[in-house]
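# A look at the structure
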Amino acid sequence: MSERFDTILTGATVVNHDGEGIRDIAIAGGRIAALGKFSPGQAAETIDCTGLHILPGVIDSQVHFREPGLTHKEDLEAGSRGAVLGGVTSVFEMPNTNPLTTSAETLAAKIKAAHHRMHCDFAFWVGGTHENVDELPMLERLPGAAGIKVFMGSSTGSLLVADDAGVKAILSKTRRRAAFHSEDEHMLRERMHLRVKGDPSSHPVWRSPEVALTCTKRLVRIAHETGARIHVLHISTAEEMVFLKDHKDVASVEVTPHHLTLVAPDCYERLGNYAQMNPPVRDEHHRAGIWRGLEQGIADVLGSDHAPHTREEKEHEYPASHSGMTGVQTLVPTMLDHVNAGRLSLARFVDMTSAGPARLFGIARKGRIATGYDADLTIVDLKRRETIRNAWIASISGWTPYDGVSVTGWPVGTVVRGKRVMWQGELLAPAQGEAVLFNETLQPAG
């Protein structure tokens, strides 16, 4: 008697750790049950994916969904709705909310708020501070915790850890890979006079390449001193890539679509404050250097750094304007456009958005299309040409820096633990997001 499944996806080119090929994917109980060739009668539902590519579910390991405390510009439901509309199946959300995610209680509150209210699966970074350093070994192993995140620059209040002693104290406690925003706060304060009122193109002059490189060198030195693993977020300079290639024993590297796609001065001339990010979008020398780091394998993962603000907040006169842009919903189409342009292979995109995050952060049962793994799938049409519009963006903020940009390659389906939650731009199922499991903390959250 033939085996029975819940769903079979047929006819697609499956892109995975073992290459590309046309295979059927059979799903049962939310997991991948078998790969091969099956008959329609073996499942309650058969989905014809002929002409499409199926990728392991895309994991965006850096988003800011602003809940609690800042829900006028984003919340967990809207941010995750944008994620699945864009083909993203899991996200790691950042701790700079109000209250900050720096304790077991605030982490538990986020998990409770997210459970079956977010449309994708989720984990939450816990902020490392001077005050909670002794609790970090416990906090980083709590169910639903992605690890410890530290802001060495660009933050306020107790989330900012600008001093070497504070960073060393944190890295002396962590055992999982800790993530860092690496800009030198002391240099930022000294250089504030370089900001030109009303001119966002002065943003990368103030937050110069040296500000980033100096901090990254400090961070790597401390990582070597403590034997800790670090993850350097949103690399924005060519020089950091050159430096980090010699420190891959301790440091993993994230790059973002906006640093790979936008370029100064054009972005500031076209978008004004809407191009303002921390660290900044820089000139072609740096964009080319980041691409070089990606091509050479120095960059490990792609993260969107989805950080929405309202139009009103973005349109304050610089430098009072807020830094950040939406990105989770546009990560897949903007990067598939680069795939189609020949800037990176589809296999490299998969490694940076599924297998790479699973490997770096010890994610259990995600990151590849394999029997026994969660049936998290990103289904794309590599030939489909679309124009990104603000109206498509699900974020409460309602805008994207890519409004009006045409791309080739588009997410047409999102499957989360066997449930087809998005198909051809429509949500098909109620929110059923659950906490991601990690190898170092296998008990479920909540």
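Criteria and cut-off values
Residues numbered from 1 in each chain as written. Predicted model: local features only at pLDDT ≥ 70, side-chain atom pairs only at ≥ 80, totals over all residues. Heavy atoms only, no water. Core = buried A, V, L, I, M, F, W, Y, C linked by side-chain atoms within 4.5 Å. Buried < 20%, exposed > 50% of the residue type's maximum accessible area, 1.4 Å probe, protein only. Helix = DSSP H or I, 4+ residues; strand = E, 2+ residues; numbered from the N terminus. Contact = heavy atoms within 4.5 Å. Pairing = 2+ DSSP bridges. Right-handed = clockwise from strand over helix to strand, strands pointing away. pLDDT = per-residue confidence, 0-100. Phe/Tyr/Trp six-rings, centres within 6.5 Å; stacked < 30°, edge-to-face > 60°. Salt bridge = Lys/Arg side-chain N within 4 Å of Asp/Glu carboxyl O.

With that settled, consider the nonpolar core. Most often, soluble globular proteins keep nonpolar side chains buried together rather than apart. In this structure, Val91, Leu171 and Phe349 are the most contacted members of the largest nonpolar core, which totals 73 residues. Among the elements that take part in this core, helix 7 (residues 209-226) stands out by supplying six residues, more than any other. Residues in contact with Phe349, not counting those within four places in the same chain, are Leu55, Val58, Leu302, Leu331, Val332, Met335, Leu336, Val339 and Leu344. One finds Leu9, Cys49, Ala375 and Ile379 within the second-largest nonpolar core, a separate group that totals 17 residues.

Let us now look at the sheet that holds strand 11 (residues 145-151). Ordered in space as 8-9-10-11-12-13-14-15, the eight strands form an open sheet in which the pairing is parallel. With one partner strand each, in any of the chains shown, strand 8 (58-63) and strand 15 (301-302) form the two edges of the open sheet. With two bridges connecting them, strand 14 (residues 251-255) and strand 15 associate as parallel partners. Residue pairing across strands places Val255 opposite Leu302, the latter belonging to strand 15.

Take the pairing of strand 8 next. Counting buried positions along strand 8 yields six of six residues, so the element is predominantly enclosed. Here strand 8 pairs with strand 9 (residues 88-93) via four bridges, running parallel. Among the inter-strand pairings, Ile59 is bridged to a residue of strand 9, identified as Ser90. One crossover worth recording links strand 8 to the parallel strand 9 by way of helix 1 (residues 76-85), and it is right-handed.

Here the chain averages 97 in pLDDT, while 99% of its residues score no lower than 70. Element-level mean pLDDT values for the chain span from 95 in strand 3 (residues 19-22) up to 99 in strand 9.

So, about the packing of aromatic side chains. Following the criterion strictly, the structure yields eight aromatic pairs and no others. Judged by centre distance (4.7 Å) and plane angle (80 degrees), the rings of Tyr274 and Trp399 are edge-to-face. Here Trp399 lies in the loop between strand 16 (377-387) and strand 17 (406-416) and Tyr274 lies in the loop between helix 10 (266-271) and helix 11 (284-295), a separation of 125 residues in the sequence. Overall, Tyr274 belongs to the buried group, its relative accessible area being 14%. Both rings, one in Trp392 and one in Trp410, keep their centres 4.7 Å apart while their planes meet at 40 degrees; by these two values the pair is tilted.

Our focus in this paragraph is helix 13 (residues 331-340). Burial analysis of helix 13 places eight of its 10 residues in the buried class, the great majority of the element. Of the positions making up helix 13, those classed as buried are Leu331, Val332, Pro333, Thr334, Met335, Leu336, His338 and Val339. Phi for Gly342, located one or two positions after helix 13, is positive at around 85 degrees.

What follows is about the pattern of salt bridges. The full count for this structure, using the stated rule, is 30 salt bridges. Here Arg229 and Glu440 are joined by a salt bridge, their closest N and O atoms 3.7 Å apart. Of this pair, Arg229 sits in the loop between helix 7 and strand 13 (230-232) while Glu440 sits in the segment after strand 19 (426-427), and the two are 211 residues apart along the sequence. Lys245 is the partner of Asp246 in a salt bridge, and the nearest nitrogen-oxygen pair spans 3.3 Å. Lys245 sits in the partly exposed class, given a relative accessible area of 43%. Connected through shared salt-bridge partners, Asp121, Arg365, Lys366, Asp374, Asp376, Arg417 and Glu434 make up one network.

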